[in-house]
Structures are given as structure tokens and as C-alpha cells.
Amino acid sequence: LDKKVRQNIHEVNSFVNYKKMAENLAIVRSRLNRPLTLAEKILYSHLDDPEGQDIERGVSYLKLRPDRVACQDATAQMAILQFMSAGMPQVANPTTVHCDHLIEAQVGGPKDLARAISINKEVYDFLASACAKYNIGFWKPGSGIIHQIILENYAFPGGLLIGTDSHTPNAGGLSMAAIGVGGADAVDVMANLPWELKAPKVIGVKLTGQMSGWTAPKDIILKVAGELTVKGGTGAIVEYHGPGVAGLSCSGAATVCNMGAEIGATTSVFDYTEQQAAYLKATKRPEVAAFADSFAHELKADKGAEYDQFLEINLTELEPHINGPFTPDLATPISKFSAAVKANNWPEELKVGLIGSCTNSSYEDMSRGASIARDALNQQVPIGLKAKSAFVVTPGSEQIRATIARDGQLSTFEEFGGVVLANACGPCIGQWDRQDVKKGEANSILSSYNRNFTGRNDGNPATHSFVTSPDLVVAMSIAGTLHFNPLTDKLKDKDGNEFLLAPPTGKGLPDRGFDPGEDTYQAPPKDRSTVQVQVSPTSDRLQVLQPFNAWDGKDATDLPILIKAKGKTTTDHISMAGPWLKYRGHLDNISNNMLIGAINEANGEANKVKNVTTGEFDAVPAVARDYKAKGIKWVVIGDWNYGEGSSREHAALEPRHLGGLAIITRSFARIHETNLKKQGMLPLTFSDPADYDKIKPEDKVDILCTELAVGKPLTMVVHPKDGKSFKIPLSHTFNEAQIEWFKNGSALNTMAKANK
Ligand code: F3S
């Protein structure tokens with residue numbers, strides 16, 4: 001294991017470190033003295049402190065050292081802006097940025113791409129220049145979707161990757177533990193801090209038998225989602241093993257892992273197989289394949305390893321499934337689907353069929369889809385039987401696009417009536433300028449994507465979005481109706497004779513190798529010292545972050561309560577998404593959404609609070625800005641589990657930016673609590689949760705910051721509007737290092753100080 005094997009062909013200094021992993025595993029094994037699952041092996045071999053780390057599944061918090069970081073262009077903006085303020089000359093761990101989320105599908109690939117490049121120019125220029133400056137690999141718009149590029153270039157068996165996108169687990173198809181995180185976590189790893197994860201539980205899925213005919217890898221996860229539901233994987237890694245695994249292509253396994261995000265799983269992984277080795281070789285990484293072969297005994301679970309939950313799927317019996325509408329766990333086998341359409345009154349006409357996206361755009365997916373389209377075209381020569389529904393293809397990467405252009409699948413799809421979009425997320429993330437139905441008009445679409453929540457694809461809440469394999473999308477697009485079952489229902493050929501479509505066929509890897517297509521990668525330059533990061537001072541989408549002020553060393557007195565929030569206050573209430581996402585790289589602009597969804601206890605309304613200095617009611621961000629302008633710090637009072645939901649770092653950055661000092665709640669969602677600490681805020685909890693009720697929205701408070709010490713409560717003095725002042729003890733979870741974050745103004749300030 002002593003060999004120096006490069007992780008990929010792009011980076012000369014990133015190596016696969018099986019030696020270190022084996023050493024760490026030996027330490028952990030001697031401590032735990034029990035067989036380990038594959039997920040455990042990957043995680044524990046990346047522990048920062050294998051000797052001292054507490055390890056209990058579902059209980060301990062692991063401090064880990066990931067091998068890589070990946071960011072998509074929407075989330076990369078704030079992550080890189082934050083990294084910049086750490087004052088480091090380059091990222092400490094290999095990192096890549098992928099431009100895939102900002103390209104809107106309108107008319108087709110090249111035109112859509114050109115339009116996106118012009119609309120998003122300042123964002124792309126910023127990312128390209130920042131990547132060049134800080135030694136980050138930059139994948140330009142048009143290169144493809146982050147998860148496909150990771151699989152093709154960077155994923156390796158046994159590795160640990162974090163990515164700022166929920167479908168990062170896609171790389172589990174190459175036996176990598178790849179986990180979706182918020183930007184703040186990515187910044188930590190870029191800056192060489194260990195990354196924290198609650199030790200996941202492990203769900204074992206044993207695959208037996210072999211799939212055939214119309215059943216595709218996608219059906220495994222569609223079935224699992226139906227069994228476990230959208231919450232069933234929370235806090236767990238799903239581990240696929242058993243004799244059925246060997247028959248699955250690497251990209252097929254990636255599809256299963258990708259959509260594991262829909263059951264809330266931390267990530268999903270497959271045992272290492274020969275098919276993975278073949279994929280590594282086909283994607284220019286034969287040395288990684290050979291190295292993984294020598295480590296193969298650690299790339300599967302130990303004999304007798306125990307799972308927290310166990311499922312078995314017989315692939316021979318697995319039926320094709322269609323999941324939806326509106327939720328990915330409503331799983332219906334194809335044999336029962338037509339009846340379900342009738343019973344539920346789902347719109348039966350299939351308006352649009354969409355294949356591709358990060359979930360299902362492999363060479364195998366495209367080849368199988370094209371084989372069905374070709375079969376249909378051949379039945380009705382010379383015009384051919386074409387798609388009745390509108391049909392849309394999203395290649396996952398430039399390499400896939402170029403290869404299927406060379407090998408003919410792309411022209412088959414075009415002949416079939418398809419529109420080929422840019423190599424990007426497009427309709428999968430709602431970047432779809434859909435014109436064929438009006439907003440509010442009920443209609444059905446069928447895609448090979450992963451997510452189908454209300455409005456996700458086209459912003460129309462009445463669109464019934466179903467997810468399935470690309471095979472069923474193509475077949476059902478021919479019939480144009482949700483009632484069509486290609487396994488049993490016949491179509492008519494040119495002479496009016498009935499025929500059954502032949503089951504799809506297609507190779508996992510191209511016989512002639514992959515065609516890389518256009519070069520869409522920007523490597524960091526050798527001399528990075530002269531590179532200037534491009535941010536226009538007048539931009540409304542990007543803003544360089546100014547370091548937050550250090551603590552003044554004093555207790556804070558007479559602070560107004562900006563809002564006493566009642567009930568659920570999620571990160572979406574604190575920093576709303578939707579149209580605000582445009583400003584995610586501009587802290588001051590996006591701060592205009594701060595807490596606008598939180599409910600004010602005083603009046604039961606959202607975004608309407610009293611400015612105690614003027615007596616007027618105004619929007620929450622406006623009042624915060626007024627206090628800030630007057631030099632008045634403020635606090636927020638919150639209810640239970642404050643900050644639950646997505647881990648978005650803006651929910652912590654915004655209150656800090658607008659002059660908040662402390663968020664005082666009955667309890668916090670843990671990630672948000674840590675995010676607040678990182679930004680130099682004080683997340684505090686009522687030692688007695690009942691004290692929440694003693695505070696009135698117009699009270700003033702003193703926070704005795706000078707008392708802040710590990711494991712000790714600190715005092716809040718409450719000055720009611722009318723009546724006598726009283727004290728309330730507040731608890732916190734700061735450790736020594738985190739107290740330094742508060743004192744220095746933020747975790748990044750602390751890092752910048754250390755770097756000086
Ligand atoms: Fe997400 Fe893009 Fe895939 S939106 S689901 S990464 S196609």
C-alpha cells in the first residue's frame with residue numbers, strides 16, 4: 001500500500017492514501033474489536049484522531065478528514081467568499097467547482113449555454129478567478145453536472161468526499177463515501193479543519209438475483225424509497241452488498257446512491273466490484289483500479305458485520321417502478337400504475353418525458369434509451385414512430401454528450417423528436433422556461449431525475465411530476481400516456497400490425513472508449529500570485545466579505561429583542577430560498593430576507609416587528625438595519641429546535657451581518673447552532689425552557705458575555721418594559737476553541753489570525 005497513486009489525471013499532488021487508511025483502521029479495529037461495515041470502514045479510516053475518537057453509531061460526533069471537496073456554482077459562491085476571508089494562499093484539500101446549476105433550459109444546448117454565460121458572467125468570472133487564485137479545479141459551464149464529473153474524474157473506492165449539493169452521494173457507485181453538506185462545512189475542509197459528522201447508523205441492503213428486461217438499476221432505489229419513505233434514511237448510510245451487486249454497472253450503482261438523498265440518507269455506498277474497476281480504466285484511471293484491487297478486502301463489509309436495519313431485494317423479481325407525483329417515495333410498480341393513475345385522477349396524458357440529469361445520464365442509460373427509440377423508429381419507416389410527448393435529453397457531461405454524439409444515440413434521440421439540452425441541471429432544478437402549459441394547469445411529466453417535489457421542475461404547483469428509469473420515460477413518451485405499460489401493451493407498426501417494444505439493451509461502457517469532447521476544464525495556473533479575484537464593487541450578486549468585528553471584551557447591556565419568534569423557525573424562515581438565491585453571493589443583499597418567515601409572538605405575523613427606538617412597526621431586516629445604524633446590538637428569542645432544516649450558512653451569516661449578538665432559544669438544531677458559533681454569534685438556550693415564557697417582546701436584556709466559559713451557564717438580565725429586572729440563566733455548548741471564535745469575531749477570523 002506504499003505506492004504513490006494519483007487520485008486523478010488533473011492534480012499532480014493528490015494521492016490515494018490506502019496506507020494511512022489501513023493504519024487508521026487497524027487502530028479502530030483494535031479498539032472496537034468487532035466486524036465493521038463498509039460505511040464504517042470508510043469513515044473510521046478517515047478519522048482525525050483514531051485513537052481518541054468516541055465511536056458509537058448514532059451517538060458520537062466523528063471528526064473526519066475528507067479527501068476532497070466539491071462545490072456546485074450556486075453554493076460555491078458564499079463558500080469561496082468565506083474561504084477568502086480566512087487569509088490562506090490556497091485550499092488545504094483538493095477542491096473542485098462545477099458550473100451546472102445556473103443554466104436555464106429554453107431552446108436547446110448551445111443557445112441556452114451561450115445565454116447563461118452572458119447572464120451569469122460576473123458569477124462565472126468570479127468563480128473562475130477565485131479558483132485560479134486558490135488552487136481549485138474549475139469546470140466551466142457546459143462541462144456537465146457536478147456528480148457526473150466527480151464520478152468520471154475524481155471519485156475513488158474507499159475515499160471520503162464532501163460536496164455542497166444534496167446528490168453528492170452519487171459517487172457511492174464507486175465505493176466512495178460522498179456526503180452532501182452546507183457551504184460552512186466545505187469551508188472548514190478547504191481551510192484544513194476537521195469535519196464533524198454524527199456517526200451514522202448503517203442500513204444494509206442485500207441484493208440477490210439478477211435484473212433483466214425492463215428493470216433497471218433505478219428501480220432498486222425507487223423500491224427502497226417506497227419501503228423506507230423520505231425520512232427512513234435519516235442519520236444513516238445505506239450500504240448495498242450481496243451477490244446481486246456484481247451485476248450492476250458502476251454508473252447504475254451511482255444512480256442508486258444518487259437518489260438515496262431522497263430517503264434522507266447521509267450517503268449510500270456499494271461494495272467495490274470488477275465493474276467499478278472497468279469504469280475506472282475506461283475513465284483514464286487504470287492505476288487507481290489496480291490500487292483499489294489491492295485494497296479490495298477493505299472495500300466491503302467484514303464477515304458478520306451488523307446493520308442497524310436490513311432489507312433484501314431480489315433483482316430477478318424486481319419490477320420497474322414509477323414514483324410520484326409530488327413525492328419520491330410513493331412507489332408504484334408498472335403493473336399497477338395505470339390503475340393508480342385512474343384511481344387518483346392523475347392527468348393521464350404524458351406531456352413531457354425527460355431523460356438525463358445527474359441521476360441517469362450514463363452511457364448505459366443513453367444507450368438503453370436510444371435502443372428503445374430506435375426500435376420504435378424502425379417500426380414505422382420511413383417517418384418512424386416518434387415520441388408523442390415532448391421529449392427532452394440532458395447529457396450529464398460533455399464527455400457523455402460527445403460520446404453519444406459519436407456513437408449515434410444522440411441522433412437517434414433527435415430523430416425520435418427529442419430536444420438535447422446543455423450538459424447541466426436544467427429542468428432538474430427548475431431551470432426550465434417551460435412554455436407548453438400555463439401555470440396552474442394540471443398536467444403530467446415523467447423524468448429519470450431524482451426529486452419531484454411540488455413545483456421543482458417547472459415552478460407549476462399543478463404539474464404531476466413522476467420519476468422512473470430512462471427506459472420507461474422513453475417508452476411511455478412514445479405512447480404519450482401514463483396508461484402505457486411497455487411490458488404488456490402493444491403499439492402499431494406502419495401496416496397497422498401490433499407489436500411489443502423490445503426490452504432495452506445497452507452497454508455500460510463504450511466499445512471505442514469515451515470521447516472527451518471539448519476541453520471544459522480550467523486547471524489552476526502554475527503562478528497564482530498575480531491572479532486577481534474578480535468581484536465588481538457595484539455588483540448586486542457578489543460582495544467580498546468583510547471580517548466581522550472582534551468582541552469588545554464587555555458585557556452587552558440594554559439590548560432590544562429584534563423578534564421573539566414563536567413556533568417553528570427553520571433555516572428557511574431565517575433565510576428564505578426562491579428568488580433570494582440570486583443573491584447568495586452578496587451578503588448585504590440577501591440579508592433583506594433575514595427572518596422574514598419567522599412568526600412574531602407579539603402579533604402572530606411574519607415580518608412585522610416593532611422598532612423599539614421609533615415605536616413603528618416595520619420589516620424584520622429593516623428594523624435590524626436601523627438598530628445597526630444606531631450602534632445598537634440586538635438579540636432574537638426563539639422556540640424549540642430553532643434553525644432546523646437545510647444547513648444553509650446564510651441563516652447564521654445574516655444575523656451577524658445585521659448586528660445581532662445572541663440567539664436565545666428553548667433549543668437549537670445542532671448544525672445551525674454550530675454555524676452561528678462559526679460566525680461569532682452567541683447561540684444560547686434557556687437553562688429552564690419555561691423561562692421562554694417570562695420574556696416579552698418589548699423587554700430589554702443584558703447578556704453577561706464576560707461570564708462565557710466552558711460548561712458554565714451565563715446570565716441574562718431581563719429588564720421588563722414595566723416592572724423589576726430579573727435574572728435568567730442561559731446554557732451553551734461552547735468549547736475552548738469555539739470561545740476563541742466568539743472572541744475573535746468568527747471562526748474564519750480565528751483561522752486568519754493563526755495564518756498570520
Ligand atoms: Fe441537483 Fe443538478 Fe442533479 S439539480 S439533482 S445536481 S441535475
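Quick notes on the rules
Residues numbered from 1 in each chain as written. Predicted model: local features only at pLDDT ≥ 70, side-chain atom pairs only at ≥ 80, totals over all residues. Helix = DSSP H or I, 4+ residues; strand = E, 2+ residues; numbered from the N terminus. Rg over C-alpha atoms; globule rule 2.2 N^0.38 Å. Buried ≥ 20, exposed ≤ 12 C-beta atoms within 10 Å, placed from the backbone. Pairing = 2+ DSSP bridges. Axes fitted to C-alpha atoms, helices over the stretch in contact; angles between N-to-C directions. Contact = placed C-beta atoms within 7 Å. Parallel < 35°, antiparallel > 145°, perpendicular 65-115°, else oblique. Left-handed = near helix turned anticlockwise from the far one by under 90°. Nonpolar A, V, L, I, M, F, W, Y, C, P; charged D, E, K, R; others polar. Near = placed C-beta within 6 Å. Expected span 1.5 Å × (residues − 1). Arc of directions from axis to C-beta. Core = buried A, V, L, I, M, F, W, Y, C linked by C-beta atoms within 7 Å. Domains from an automatic or database assignment.

**Quick word on the overall build of the chain**
A tally of regular secondary structure across the chain gives 23 helices and 32 strands. By the compact-globule yardstick of 27 Å for 756 residues, the chain fits well, its C-alpha radius of gyration being 27 Å. Looking at the 756 residues of the chain, the share that counts as buried comes to 54%.

**Considering the sheet that holds strand 30 (residues 700-703)**
Read around the closed barrel, the 7 strands follow the order 24-27-28-29-32-31-30; overall the barrel is mixed. When strand polarity is set aside, the average angle formed by the axes of neighbouring strands in this sheet is 40°. Against the sheet, helix 19 (residues 620-629) makes contact with strand 24 (556-564) and strand 27 (634-638), and its axis sits at roughly 165° relative to strand 24, the strand it touches most.

**Remarks on helix 6 (residues 146-153)**
Burial within helix 6 is extensive, with 8 of its 8 residues counted as buried. Turning to helix 6, its buried residues number three or more, namely Ile 146, His 147, Gln 148, Ile 149, Ile 150, Leu 151, Glu 152 and Asn 153. If you follow the buried residues of helix 6, they end up packed against strand 4 (68-72), strand 5 (95-98), strand 6 (137-139), strand 7 (160-163), helix 9 (250-259) and helix 14 (398-407).

**Let's talk about the sheet that holds strand 5**
One open sheet accounts for 6 strands, arranged 8-7-4-5-6-23; its pairing is mixed. This sheet does not close on itself; its edge strands, each paired only once, are strand 8 (177-180) and strand 23 (521-522). As paired elements, strand 7 and strand 8 share 4 bridges and run parallel to each other. When the sheet's bridge partners are listed, Leu 160 is paired in strand 8 with Ala 177. Its contacts with the sheet place helix 6 against strand 4, strand 5, strand 6 and strand 7, and it is angled at close to 150° to strand 4.

**Considering the pairing of strand 9 (residues 195-198)**
Only one face of strand 9 is buried, namely the one carrying Trp 195 and Leu 197, since none of Glu 196 and Lys 198 on the opposite face is buried. Bridge count for strand 3 (residues 61-64) against strand 9 is 4 bridges, and the pairing is antiparallel. Residue pairing across strands places Leu 62 opposite Leu 197, the latter belonging to strand 9.

**Some words on the packing of helix 13 (residues 363-379) against helix 16 (residues 470-479)**
Running from N to C, helix 13 and helix 16 point in directions that differ by 20°, and their axes come no closer than 8 Å. Classified by the interaxial angle, the pair formed by helix 13 and helix 16 is roughly parallel. With respect to the hand of their crossing, helix 13 and helix 16 are arranged in right-handed fashion. Along its contact with helix 13, which presents Asp 365, Arg 368, Gly 369, Ile 372, Ala 373 and Ala 376, the element helix 16 presents Pro 470, Asp 471, Val 474, Ala 475 and Ile 478. For the contact of helix 13 with helix 16, the class distribution of residues is 7 nonpolar, 1 polar and 3 charged.

**A closer look at the site of the ligand**
In the vicinity of the ligand, the contacting residues are Asp 100, Ile 145, Ile 146, His 147, Asp 165, His 167, Ser 357, Cys 358, Cys 425, Cys 428, Ile 429 and Asn 450. Classifying every residue of the shell around the ligand gives 6 nonpolar, 4 polar and 2 charged.

**Considering helix 1 (residues 18-32)**
Residues spaced three or four apart along an α-helix point in a common direction, a consequence of the helix completing one turn every 3.6 residues. In a regular helix each residue adds 1.5 Å, so 15 residues correspond to 21 Å; helix 1 covers 20 Å between its end C-alpha atoms and thus fits that length. Among the residues of helix 1, those classed as buried are Tyr 18, Met 21, Asn 24, Leu 25 and Val 28. Looking straight down helix 1, one finds that the buried residues subtend no more than 125° of arc, so they occupy a single side. Exposed and oriented more than 90 degrees from the buried face of helix 1 are Ala 26 and Ser 30.

**Overview of the environment of Ala 278**
The topology assignment puts Ala 278 in helix 10 (residues 274-282). By the C-beta count within 10 Å, which is 15 here, Ala 278 ends up partly exposed. A sequence separation of 28 residues divides Ala 278 from Cys 250, and the C-alpha atoms of the two residues are 8.4 Å apart.

**Some thoughts on the environment of Cys 358**
Locating Cys 358 in the fold gives a position in the loop between strand 16 (350-356) and helix 13. Sequence separation between Cys 358 and Leu 127 is 231 residues; the distance between their C-alpha atoms is 21 Å. With residues up to four places along the chain from it excluded, the contact list for Cys 358 reads Ile 145, His 147, Gln 148, His 167, Asn 170, Asn 258 and Gly 396.

**Side note on the packing of helix 10 against helix 11 (residues 286-294)**
The contact between helix 10 and helix 11 brings their axes to 7 Å, and the two run at 155°. Classified by the angle between their axes, helix 10 and helix 11 sit roughly antiparallel to one another. Contacts between helix 10 and helix 11 involve Ala 277, Leu 280 and Lys 281 from the former and Pro 286, Val 288, Ala 289, Ala 292 and Asp 293 from the latter. Counted by class, the contact of helix 10 with helix 11 contains 6 nonpolar, no polar and 2 charged residues.

**Remarks on the nonpolar core**
By size, the foremost hydrophobic cluster in this structure holds 217 residues, and its most contacted members are Leu 127, Ala 155, Leu 562 and Val 635. With residues near it in sequence (within four places) discarded, Leu 127 still touches Asp 73, Ala 76, Ile 80, Val 97, Cys 99 and Phe 138.

**Description of the domain arrangement of the chain**
You can read the domains of the chain as domain 1 (5-314), domain 2 (321-434 + 441-499) and domain 3 (556-755). When each unit is reduced to the centre of its C-alpha atoms, the spacing between domain 2 and domain 3 is 47 Å.

**Description of unusual backbone geometry**
In this structure, Pro 325 follows Gly 324 across a cis peptide bond, with omega equal to 5°. By the secondary structure assignment, Pro 325 is in the loop between strand 14 (321-323) and strand 15 (331-333). Positive phi is not limited to glycine here, since Lys 284 has a value of about 65°. Looking at the element boundaries, Lys 284 is found in the loop between helix 10 and helix 11. For Lys 284, a count of 15 C-beta atoms within 10 Å corresponds to the partly exposed category.

**Some details on the environment of Ala 737**
As for its position among the elements, Ala 737 is in helix 22 (residues 736-744). Measuring from C-alpha to C-alpha, the distance between Ala 737 and Lys 223 comes to 45 Å, with 514 residues separating the pair along the chain.

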